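Here's the letter readout for the chains.
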Amino acid sequence: MKLELNITPLKEWFPHFIKPMLIAGPCSAESEEQMLTTAKQIAAFYPHSIFRAGIWKPRTRPNTFEGIGNIGLKWMQLVKQQTGLLTSTEVATAAHVEECLKHGIDILWIGARTTVNPFSVQEIADALKGVDIPVFVKNPIYPDLQLWAGALERVNNAGITKIVAIHRGFQSYDNGPFRNSPKWELAIDLKTACPALPVICDPSHIAGTPELIPYISQKAMDMDMDGLLIETHCRPAEALSDAKQQVTPLELKQIIDDLQIRSSSTENIELQTKLEELRLIITKLDNELLEILAKRMAVSAQIGEYKKENNITILQVSHWKRLIESGIESGTQIGLPKEFVKGIYQLINDESIRRQTEVMNKTTKK
Ligand code: PEP
Ligand code: MN
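This is a predicted model, so every value here is computed, not measured.

**Student:** Can you break down the coordination of the manganese ion (ligand 2) residue by residue, with the values?
**Tutor:** The protein atoms that coordinate the manganese ion (ligand 2) are C27 (SG), H205 (NE2), E231 (OE) and D242 (OD), at distances of 2.1 to 2.4 Å. Spacing between the donor residues of the manganese ion (ligand 2) along their common chain follows C-x177-H-x25-E-x10-D. With H205 in helix α9 (residues 203-207) and E231 in strand β8 (residues 227-231), this residue pair connects regions lying 26 residues apart in the sequence. With a relative accessible area of 8%, H205 lands in the buried category. Relative accessible area serves as the criterion here: at 0%, E231 is assigned to the buried category.

Written out as structure tokens, the structure reads:
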């Protein structure tokens, strides 16, 4: 994928940048006391972090807490005055942008439910024309890299160059242990398409529960992401939204303190040589895997011919079930995790079905 953005490097506009850039604060602004208590505790540990709080909440169902509205922006101002933290919130409409600018909010972000809608993103981008403010763009709720890239482009085309992408996971058929499946490969593809684009991770919305946050945060650092957005509330159990996933400021400190920040490059020649040797072996093995897959798909196509001649369906569920079960058994016996084997089998099966569909649809000349 091609993605050309005009980016101002993080270090130029966020002078205190050290990894991880940290955004912390409650899912929603609820009261002046909740905001100030949470912000002061965060600022005590991380004076150069960015405070977050949702003012307008996009909720799946009505009659749930849909955000405190404009009064929350006043509390944001108090947070900034009393703690010195930069402030950030989610915008979904031009009116939200206008209110935030009026109240001096430092950073805006576009939420996952808005990124999916080009009309809304364009409306926000238009409202931002001529304004110099950092804008963070969350990935869309479903795994569509083009939509994520498109939202970043719309914001960039409006003249915003202080842009950051936020990886917050994707709603998918099988989320595994997560609230939103991380699908790291999409964040990696985005970063590969535009290496200058800073990418941070939102482990809270991926995890859906505090226990998984340290693991996801560490993984994000090891994927060379620049920062973390972690929902933090002074009393998580009382939170009016996302109560199940928020951590206390003290828990946040523990998570950040425990992180191992590793370097993405090395000057050590001996290590570089060793890495190169091992990478060569991997490239060779990957090529062998591809050759085996190509052979396997040729057999699938051959089976497709038989199915066509005998007028039988491409998928026979009982056969597929046996195949994946035995694959998982063999795989786990040689130390491969069940989910990994399942994922590979699903990919292979999808391609096999695609090939056989091609065979079925081929018109034979009479
Ligand atoms: C949030 O950050 O509270 C939020 C609504 O997140 P998302 O847009 O990732 O669902
Ligand atoms: Mn939330």
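There is more to say after this.
**Student:** Please provide a residue-by-residue account of the site of ligand 1, values included.
**Tutor:** As a structural note, the neighbourhood of ligand 1 is formed by C27, R52, K57, E90, W109, G111, A112, R113, K138, R168, H205 and E231. In this structure, an oxygen atom belonging to ligand 1 sits 2.6 Å away from a side-chain N or O atom of R168. Here H205 contributes a side-chain N or O atom positioned 3.3 Å from an oxygen atom of ligand 1. Against a free-state accessible area of 300 Å², the protein chains account for coverage of 97% of ligand 1. The residue inventory of the shell around ligand 1, partitioned by class, reads 3 nonpolar, 2 polar and 7 charged.

Here is what the cut-offs are and how they apply
Residues numbered from 1 in each chain as written. Chains lettered and ligands numbered in written order. Predicted model: local features only at pLDDT ≥ 70, side-chain atom pairs only at ≥ 80, totals over all residues. Heavy atoms only, no water. Donors = N, O, S within 2.8 Å, 3.2 Å for Na, K, Ca; no water. Helix = DSSP H or I, 4+ residues; strand = E, 2+ residues; numbered from the N terminus. Buried < 20%, exposed > 50% of the residue type's maximum accessible area, 1.4 Å probe, protein only. Near = heavy atom within 4 Å. Polar contact = N/O pair within 3.5 Å; in protein donor to acceptor, adjacent residues only side chain to side chain. Areas by Shrake-Rupley, 256 points an atom, 1.4 Å probe, with all protein chains shown as cover. Nonpolar A, V, L, I, M, F, W, Y, C, P; charged D, E, K, R; others polar.

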